[in-house]
Amino acid sequence: MELLKVSNLTKSFGGVVANSDVSLDIHEHEIVSIIGPNGAGKTTLFNLITGVDKPDSGNIQFAGEDITSFPAPKIASLGLVRTFQQTKIFRDLTVVEAVMTGRHLHDRTTLLAALLSSPLARQEKRKSYEKAVDIIEFLGMQARQDAITQNLPYGEQKLLNIAIALAAEPKLLLLDEPAAGTNPIEAKRLMETIKKIKETGVTVGLVEHNMRLVMNISEKVFVLNYGELIAEGKPEEILKNAEVVEVYLGRRKRA
Amino acid sequence: MRKHALKAAAILGIILLPALLNEPFYQHILITAGINVILAVSLGIIVGYLGELSLGHGAFYGIGAYASALLCLKLNLPFAFSFFIATFFTGFMGYLIGIPALRLSGHYFAIATLGFQGIVILLIINLVDLTRGPMGLSGIPSPGEFKLFGATISFQDKIPYFYLTLVVVLVVLFLTSNLIRFRHGQAFVATREDPMLASSIGVDPRKYRMLAFAISTAIAGSAGSLYAHYALFISPDSFHLPESIYLATMVIIGGRGTIAGPVIGALMLTLLPEVLRFTGNLQFVLYGLMLMIVVIFMPQGIVGIFSKSRKTEDKTPELIDAAAKHGTP
Amino acid sequence: MIEFIPQLIANGIVLGSIYVLVALGLTMVFGIVDVVNFAHGEFYMLGAFVAFLVVDHLGVPYLPAVLVTGVGTAVFGFATEKILIRPLRLRNPHPINYVLVTVGLSTFLLNGVNVLFGPDLRKIPSPFMKQILHFSNVYLTVQRLLVFLVAVALVSLLAYFVKYTALGSQMRATAQNFQAARIVGVNTDRVFFLTFMIGAALAGVAGALVGAMFVTEPTMGIHIIVKAFIVVIVGGMGSISGSIVAGMGLALVETLAGAFMPAEFLDIIGFSLMIIVLLTKPTGIFGTKGGASA
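Residues numbered from 1 in each chain as written. Chains lettered and ligands numbered in written order. Predicted model: local features only at pLDDT ≥ 70, side-chain atom pairs only at ≥ 80, totals over all residues.

**Student:** I'd like a description of the overall build of chain C, backed by residues and values.
**Tutor:** Each helix and strand in chain C was counted, giving 11 helices and 2 strands. Going from the N terminus to the C terminus, chain C shows its helices and strands as α-α-α-α-β-β-α-α-α-α-α-α-α. Over its C-alpha atoms, taken along the principal directions, chain C stretches across nearly 55 × 45 × 35 Å. The buried share of chain C, reckoned over its 294 residues, is 55%. For chain C, the proportion of contacts with a sequence separation of at least 24, taken over those separated by at least 6, is 79%. (Helix = DSSP H or I, 4+ residues; strand = E, 2+ residues; numbered from the N terminus. Buried ≥ 20, exposed ≤ 12 C-beta atoms within 10 Å, placed from the backbone. Contact = placed C-beta atoms within 7 Å.)

If you want it as structure tokens, here you go:
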């Protein structure tokens, strides 16, 4: 089943065309990667899909619903959650508090219940805490549970971003360069983590530069260059695609 | 256990306070302190949990006061009704003003609140038929009297009014600390810290900014009502920019981002002017100095001096239980 | 009524000159240092008091006194940047912290002057108040003409400075991109305190001029700062031309409307204009938060 269907998405900023007539789809339970050189428009694409920006033209369907003009919080409430390229953490909170914040959509505390500190409010907070701890353990971060987020090392902050996103119970999780700035060990850990996430039933979309990661875990790969989709297919097919190779490695010079 | 005993003793002390201080003057200070606590705590929601500075809180205090007074004077409503109507009306005004104003943030938001503060006061001064302008509204009815064990208790006396104020203070503290503790409070913090991240997990920054602002201004309105029916006379001078600055100073010096901070700030800046009254305007020089020093050297305010490790402070009862179940300390 | 219009316009231009002088400092400090200085009105007030002291107690003639005022308030501006703004920038640079610390400074200065000198209204003695010019339907004291001329001179000087000197381009660079400016070697610390000094000096001179024309008293800063904010918002935070256009514009609107409506109502014009701009184009008519555009 097509979970995400992007059709003919175009977006320009001033004179620069960031996305030009891009169409792609992500099916349930897939792990899909979007690759391309810097400036190819990958993050713009994510921003359009998740409601951070509005496309100039084109259409985005998520779980059968047209979300093209929806605002970001609404899109998240439908089950489409993303992480960002920069580490975004809630600075002064502890890890568990930050992940609990991600439970917002699933915390059923009403304003009245909160104001009165009713049993419902307290129970929902407890459940939120427990779920947060579960996610923290799922990602292997238990040791850091009560650490202040801004004190975490970079790689763990990136994991935290994923934890916060997972707390929102996404159907589709879009990760924007999750391996950026990570060393090979952290990247491998990330790879395993993404596979684990897929096993829980979450569909995953990645924007990535780390080819090893991409080739290793993706079932489908889309390649963007200068805002256009230039190739799509299985990882092995993409590796052999002459145009993709040229985009990354340049054309062989005529002697 | 010890913490609870201490709290109980403090509360008992506060309840007995007006009896211990038999001078009407001291009782007046207690009432004023109570009203300032309500104002400071409500401003603290905006400053501490939304991370924005409102220089217009005095205007909302004024809207509540005038609304409540006029409801009694013109429509003969009893205090109980006008108190609640004024509270909701002020919150509604906050909501309306928030629709445009909360699209801004940082200095622009502060300046916008400055603008609204100015406009509200100008309107109060100029709508003379309604508000009697700069001459102020007098003859505001007090909440009346009631019989208790055969004796007549009048709210024109300070001690009963103190208890009325105390009840409102406790209710406000209860509601505010609860608000912060659960889902909505987390949303406020998320909106303050990183609106983009908040959006991506379903927290709509716009919605929560409006909610916090509406609640904060409503509470300020309730303080206005309390003040109007205590002083029995109100004029625009009590609600203008210097008042807004005074309230902001309380929050900052006490400590933003907490509930205790504004309480401490309010108590301090209610008592200090009494203690320092003999110095005339020199005391204001001191307050300006204090504000500068606190902002630069003590960003967490007075509360920051006493705050121990963050972790233990925020473990509210339900979390301690949950943590115990999981086996984490 | 029509005969009064030239007079009103003349008055408006004089008032506008004051608004522009005060607004310029505020807008430059915002554009270059990224700080909203709520105590800016107090620089204006201090200017009036410095001029008063120099003329009244030291017997210095008026015009040199105005010069001294410029220097004196520049020193206050320098002190403010070094003692308050810089430490904050190094520890806690959140925008509202600057607002808070300058609000504190405003309270401190206003009440400090009140305690030292008392709230009485004073007037700086100026010979130019006694001479009156008269052409067609317009009467102006020479003092008023002086206000206009000083404003024109200072604004031209500033515009030249910002556009054609090395320091001026350093200021513009810092306004546009702080990091990039540092990378190419601009001493941003120096740019910051110089901006404060220039802004304070302009406001101080305005205060010295008004202090002879109307009144010198401790709360005069509060009245002017509100107008300055309106001008800066409408004209665009960081835009010099914006301050000039909006400053003159607001003054003219106020003086002309003042003939037809009560004084208290007048203030609503300014506030409403500011709110409208904040809600439609917060960067103002000329503003792009990119700089001390000339």
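**Student:** Describe the overall build of chain B, and please don't skip the residues or the numbers.
**Tutor:** Within chain B one finds 16 helices and 4 strands. Compactness check: chain B gives a C-alpha radius of gyration of 20 Å against a globular reference of 20 Å for 329 residues, within 12% of the reference. Overall, the C-alpha framework of chain B stretches about 60 × 45 × 40 Å when taken along its three principal axes. The proportion of buried residues among the 329 residues of chain B is 51%. (Rg over C-alpha atoms; globule rule 2.2 N^0.38 Å.)

**Student:** Can you tell me about the nonpolar core, naming the residues and giving the values?
**Tutor:** Within the largest apolar cluster, 278 residues are counted, with the highest numbers of intra-cluster contacts made by Val99 and Ala163 of chain A together with Leu21 and Val22 of chain C. A domain split of this core shows at least three residues from each of domain 1 (2-87 + 168-249) and domain 2 (90-151) of chain A. Leaving out residues up to four positions away in the same chain, Leu21 of chain C has contacts with Ala151, Leu154, Leu202, Ala203, Val205 and Ala206 of chain C. (Core = buried A, V, L, I, M, F, W, Y, C linked by C-beta atoms within 7 Å. Domains from an automatic or database assignment.)

**Student:** With reference to specific residues and values, describe the sheet that holds strand S4 (residues 57-62) of chain A.
**Tutor:** Residue and element names in this part refer to chain A. Pairing is antiparallel in the open sheet, where 4 strands are placed in the order S2-S1-S4-S5. Among the strands making up the open sheet, the edge pair consists of strand S2 (16-27) and strand S5 (65-66). As paired elements, strand S1 (residues 2-13) and S4 share 5 bridges and run antiparallel to each other. For Val6, the partnering residue across the bridge sits in S4 and is Ile60. (Pairing = 2+ DSSP bridges.)

**Student:** So what's going on with the sheet that holds strand S7 (residues 172-176) of chain A? Which residues, and what values?
**Tutor:** Residue and element names in this part refer to chain A. Spatial ordering of the open sheet is given by S6-S7-S8-S3-S9-S10, a layout of 6 strands whose pairing is mixed. The open sheet terminates on both sides in strands that have one partner only, identified here as strand S6 (80-82) and strand S10 (228-233). Each neighbouring strand pair of the sheet contributes to a mean axis angle of 20°, computed without reference to strand direction. Across the sheet, helix H1 (residues 42-49) is in contact with strand S3 (31-35), S6, S7, strand S8 (203-207) and strand S9 (220-225); its angle to S7 comes to roughly 145°. (Axes fitted to C-alpha atoms, helices over the stretch in contact; angles between N-to-C directions.)

**Student:** Lay out the interface of chain B and chain A in plain terms, naming residues and giving numbers.
**Tutor:** Accessible area lost when the parts come together is the quantity often used to give the size of an interface. Taken together, the contact between chain B and chain A spans 27 residues of the former and 36 residues of the latter. The set of elements that each furnish at least two residues to the side of chain B that touches chain A consists of helix H7 (158-181), helix H8 (183-193), helix H9 (195-200) and helix H16 (317-326) of chain B. When residues in the side of chain B that touches chain A are grouped by element, the largest group, 7 residues, is from H8 of chain B.

**Student:** Could you give an account of helix H13 (residues 282-297) of chain B, with specific residues and numbers?
**Tutor:** Taking 1.5 Å per residue as the helical rise, H13 of chain B with its 16 residues ought to reach 22 Å, and the 22 Å between its terminal C-alpha atoms agrees with that figure. Phe284, Val285, Tyr287, Gly288, Met290, Leu291, Met292, Val294, Val295 and Ile296 of chain B are the residues of H13 of chain B that are buried. (Expected span 1.5 Å × (residues − 1).)

**Student:** I'd like a description of the confidence of the model for chain C, backed by residues and values.
**Tutor:** Residues and elements named next belong to chain C. For chain C, per-residue confidence averages 90 on the pLDDT scale, and 97% of positions sit at 70 or higher. Mean pLDDT in chain C bottoms out at helix H11 (residues 263-280), which sits at 84, and peaks at helix H2 (residues 40-56), which reaches 96. Of the regions scoring below 50 in pLDDT, residues 290-294 engages in 26 contacts with residues more than four places distant in sequence or in other chains. (pLDDT = per-residue confidence, 0-100.)

**Student:** If you had to explain helix H5 (residues 142-164) of chain C to someone new, which residues and values would you point to?
**Tutor:** Residues and elements named next belong to chain C. With 23 residues, H5 should cover 33 Å at 1.5 Å per step; its first-to-last C-alpha distance of 32 Å lies within 8% of that length. Turning to H5, its buried residues number three or more, namely Gln143, Arg144, Leu146, Val147, Ala151, Leu154, Val155, Leu158 and Val162. The inward-facing, buried residues of H5 contact helix H1 (5-33), strand S2 (138-141), helix H6 (166-176), helix H8 (188-213) and helix H10 (240-258).

**Student:** If you had to explain the packing of H2 of chain C against helix H4 (residues 95-117) of chain C to someone new, which residues and values would you point to?
**Tutor:** Residues and elements named next belong to chain C. Close contact between H2 and H4 brings their axes to 9 Å; oriented N to C, the two are set at 25°. Judged on the interaxial angle alone, H4 and H2 are roughly parallel. For H2 against H4, the interelement crossing comes out left-handed. Contacts from Gly41, Glu42, Met45, Leu46 and Phe49 of H2 reach H4 at Ser106, Leu109, Leu110, Val113 and Phe117. Taken together, the residues that form the contact of H2 with H4 break down as 7 nonpolar, 2 polar and 1 charged. (Parallel < 35°, antiparallel > 145°, perpendicular 65-115°, else oblique. Left-handed = near helix turned anticlockwise from the far one by under 90°. Nonpolar A, V, L, I, M, F, W, Y, C, P; charged D, E, K, R; others polar.)

**Student:** Please set out the interface of chain B and chain C residue by residue, giving values where relevant.
**Tutor:** Across the contact, 31 residues belong to chain B and 35 residues belong to chain C. Ranked by residues supplied to the side of chain B that touches chain C, first place goes to helix H5 (residues 106-126) of chain B with 13 residues. A class-by-class count of the residues in the side of chain B that touches chain C yields 23 nonpolar, 7 polar and 1 charged.

**Student:** Account for the confidence of the model for chain B, with residues named and values stated.
**Tutor:** Where the model shows low pLDDT, its predicted coordinates should not be examined in detail. Residue and element names in this part refer to chain B. The predicted model of chain B has a mean per-residue pLDDT of 88, with 91% of residues at 70 or higher. Across chain B, the element-wise mean pLDDT spans from 42 in helix H15 (residues 310-313) up to 97 in helix H10 (residues 205-231). Ignoring residues within four places in sequence, the model shows residues 309-313, a span with pLDDT below 50, making 4 contacts including any to other chains.

**Student:** Which residues make up the pairing of S3 of chain A, and what values go with them?
**Tutor:** Residue and element names in this part refer to chain A. Where burial is concerned, most of S3 is hidden: 5 out of the 5 residues are buried. Side-chain alternation along S3 places Ile31, Ser33 and Ile35 on one buried face and Val32 and Ile34 on a second face that is also buried. Here 4 bridges tie S3 to S8, and the two strands are oriented parallel to one another. Looking at S8, one finds that Ile34 is bridged to Val207.

**Student:** Could you give an account of the arrangement of the chains, with specific residues and numbers?
**Tutor:** In this assembly, 2 pairs of chains are in contact, and the pair contributing the most contacts is chains B and C. At the level of C-alpha atoms, the two units chain A and chain C stay apart, their nearest approach being 14 Å.

**Student:** Can you break down unusual backbone geometry residue by residue, with the values?
**Tutor:** Residue and element names in this part refer to chain A. One non-glycine residue, Asn8, lies in the positive phi region at around 50°. By the secondary structure assignment, Asn8 is in strand S1. Take Asn8: there are 13 C-beta atoms within 10 Å of it, and that puts it in the partly exposed class. Within the chain, Tyr226 stands out as a residue other than glycine whose phi angle is a positive 50°. Looking at the element boundaries, Tyr226 is found in the loop between S9 and S10. A residue is classified by how many C-beta atoms lie within 10 Å of it, and Tyr226, with 16 of them, is partly exposed.

**Student:** Account for the packing of helix H3 (residues 57-75) of chain B against H5 of chain B, naming residues and giving values.
**Tutor:** Residues and elements named next belong to chain B. Axis separation between H3 and H5 bottoms out at 9 Å; the angle between their running directions is 30°. With respect to H5, the axis of H3 lies roughly parallel. Crossing of H3 over H5 shows left-handed handedness. In this structure, H3 contributes Gly58, Ala59, Gly62, Ile63 and Tyr66 to the contact, and H5 contributes Phe116, Gln117, Val120, Ile121 and Ile124. For the contact of H3 with H5, a count of residues per class yields 7 nonpolar, 3 polar and no charged.

**Student:** Please give an account of the pairing of strand S3 (residues 151-154) of chain B that cites residues and values.
**Tutor:** In summary, the side chains of a regular strand alternate between the two faces of the sheet. Residues and elements named next belong to chain B. One ladder, built from 4 bridges, connects strand S2 (residues 145-148) with S3; its direction is antiparallel. The partner of Lys147 across the bridge, within S3, is Thr152. Connecting S2 to the next strand, S3, in antiparallel fashion are 2 residues, including Phe149 with a positive phi near 50°.

**Student:** Talk me through the environment of Gly140 of chain A; I want residue IDs and the actual numbers.
**Tutor:** All names here are of chain A. In this fold, Gly140 is placed in the loop between helix H5 (119-138) and helix H6 (154-167). For Gly140, a count of 14 C-beta atoms within 10 Å gives the class partly exposed. C-alpha of Gly140 to C-alpha of Asp56: the two residues are 84 residues apart in sequence and 41 Å apart in space.

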